[in-house]
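This is what each chain is made of:
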Amino acid sequence: ATINHFQSEIPLRGFKSATVPGLVSTWFAAHEKHGRLAFEELLAPAIELAEAGFPANEGFIGRIQYHLTEAPDTKLFEQLGISVKLAIGDLVQQPNLAKSLRAIAKEGREYFYKGAIAKALFESTNGWFDQKDLDKH
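Residues numbered from 1 in each chain as written. Predicted model: local features only at pLDDT ≥ 70, side-chain atom pairs only at ≥ 80, totals over all residues. Heavy atoms only, no water.

## Regarding the packing of helix 1 (residues 23-34) against helix 2 (residues 39-52)
The test is simple: Only the stretch in contact is used when fitting a helix axis, every axis being a line fitted to C-alpha atoms; angles between N-to-C directions are given from 0 to 180 degrees. A run of DSSP states H or I qualifies as a helix once it reaches four residues; a run of E qualifies as a strand once it reaches two. Both are numbered from the N-terminal end. Every angle not falling under 35 degrees, over 145, or within 65 to 115 is termed oblique; those three ranges are roughly parallel, roughly antiparallel and roughly perpendicular. Crossing handedness is defined as follows: a turn of the near helix away from the far one that is anticlockwise and smaller than a right angle gives a left-handed crossing, while the clockwise case is right-handed. Any two residues having at least one pair of non-hydrogen atoms within 4.5 Å are treated as being in contact. Here the nonpolar group is Ala, Val, Leu, Ile, Met, Phe, Trp, Tyr, Cys and Pro; Asp, Glu, Lys and Arg are the charged ones; every other residue, Gly included, is treated as polar.
Two elements in contact, helix 1 and helix 2, have axes whose closest approach is 12 Å; the angle formed by their N-to-C orientations is 135°. Classified by the angle between their axes, helix 1 and helix 2 sit oblique to one another. In the crossing of helix 1 with helix 2, the sense of the turn from one axis to the other is right-handed. Facing helix 1, whose interface residues are Trp27, Phe28 and His31, helix 2 presents Phe39, Leu42 and Leu43. Along the lines of polarity and charge, the residues of the contact of helix 1 with helix 2 split into five nonpolar, one polar and no charged.

Next comes the structure, spelled out in structure tokens:
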């Protein structure tokens, strides 16, 4: 994006307020320098939590409610498969996150930056992010 993409300010929410995703790249850079375990082993606990689920707590529910007050028309939680009517103790499962983490663990950094996740990012942002953006990260 350039300054020409914004009328008067950068929005506070939505994909136009985001930077190129760098977390996965950071995982791999840290692992290359300091890692000893295989990525499958490192990500196994997160995959298990995403797949089997975790009980919603007050903080998790509060963050959802806050997000809804800020963006009442959001479809984010629906797209993630997370109910906005959670009660404390309700199970939160994220099978798509588990699938993504499993693929990243198995296929590596490139799965995120050049594979199916990258393509989904391009589609979900209507091309705001593109392959050149991810290649430069």
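## Observations regarding helix 7 (residues 116-124)
Where we set the bar: Summary of the burial criterion: residues with accessible area below 20% of their type's maximum are buried, those above 50% are exposed, and those between are partly exposed, where the area comes from a 1.4 Å probe applied to protein chains only. The directions from the helix axis to the C-beta atoms are what the arc is built from.
Within the span of helix 7, buried status applies to Ile117, Ala118, Leu121 and Phe122. End-on, the buried residues of helix 7 take up no more than an arc of 140°, which puts them together on one face. Check the buried side of helix 7 and you find it contacts helix 5 (95-107), helix 6 (109-114) and helix 8 (131-136). Count one or two residues on from helix 7 and you reach asparagine 126, which has phi positive near 50°.

## Some thoughts on the pattern of salt bridges
Here is the rule we go by: The term salt bridge refers to a pairing of a side-chain nitrogen on Lys or Arg with a carboxyl oxygen on Asp or Glu at a separation within 4 Å.
Taken as a whole and judged by the stated rule, the model has four salt bridges. Notably, a salt bridge pairs arginine 109 with glutamate 110, separated by 3.5 Å at the nearest N-O pair. In this structure arginine 109 comes out as partly exposed when scored by relative accessible area, which is 21%. Aspartate 135 is paired through a salt bridge with lysine 114; the nearest N and O atoms lie 2.8 Å apart. Within this pair, whereas aspartate 135 is found in helix 8, its partner lysine 114 is found in helix 6, the two being separated by 21 residues in sequence. A relative accessible area of 44% places aspartate 135 in the partly exposed class.

## A look at the side chain of threonine 125
So the rule is basically this: N or O atoms closer than or at 3.5 Å make up a polar contact, with two conditions inside protein: a donor-capable atom paired with an acceptor-capable one, and, for residues adjacent in sequence, both atoms drawn from side chains.
Among the structural elements, threonine 125 can be located in the loop between helix 7 and helix 8. A polar contact of 2.9 Å, which involves the side chain of threonine 125, links it to the backbone oxygen of leucine 121.

## Let's talk about the environment of phenylalanine 39
With respect to the helices and strands, the residue phenylalanine 39 is situated in helix 2. Sequence separation of phenylalanine 39 and aspartate 133 is 94 residues, and the distance between their C-alpha atoms is 25 Å. Once residues lying within four places of it in the same chain are set aside, the contact partners of phenylalanine 39 are Trp27, Phe28, His31 and Ala105.

## Observations concerning the confidence of the model for the protein
Cut-off, in case you're wondering: Per-residue confidence from the prediction method is given by pLDDT, with values spanning 0 to 100.
Summary statistics for the protein give a mean pLDDT of 93 and a share of 100% for residues scoring 70 or more. When pLDDT is averaged over each element of the protein, strand 2 (residues 91-92) comes out on top at 97 and helix 4 (residues 76-80) at the bottom at 89.

## Points about helix 3 (residues 58-70)
Rules: The span one expects for a helix is its residue count, reduced by one, times 1.5 Å.
Relative to the 18 Å expected for 13 residues at 1.5 Å per residue, helix 3 spans 18 Å between its end C-alpha atoms, a close match to the ideal helical length. Those residues of helix 3 that sit buried are Phe60, Ile61, Ile64 and Leu68. Down the axis of helix 3, the smallest arc covering the buried residues is 95°, so these residues share one side. Every exposed residue of helix 3 that faces more than 90 degrees away from the buried side is listed here: Glu58, Arg63, Tyr66 and Thr69. In this structure, the buried residues of helix 3 make contact with strand 1 (54-55), helix 4 and strand 2. Its side-chain oxygen 3.1 Å from the backbone nitrogen of glycine 59, asparagine 57 forms the N-cap of helix 3.

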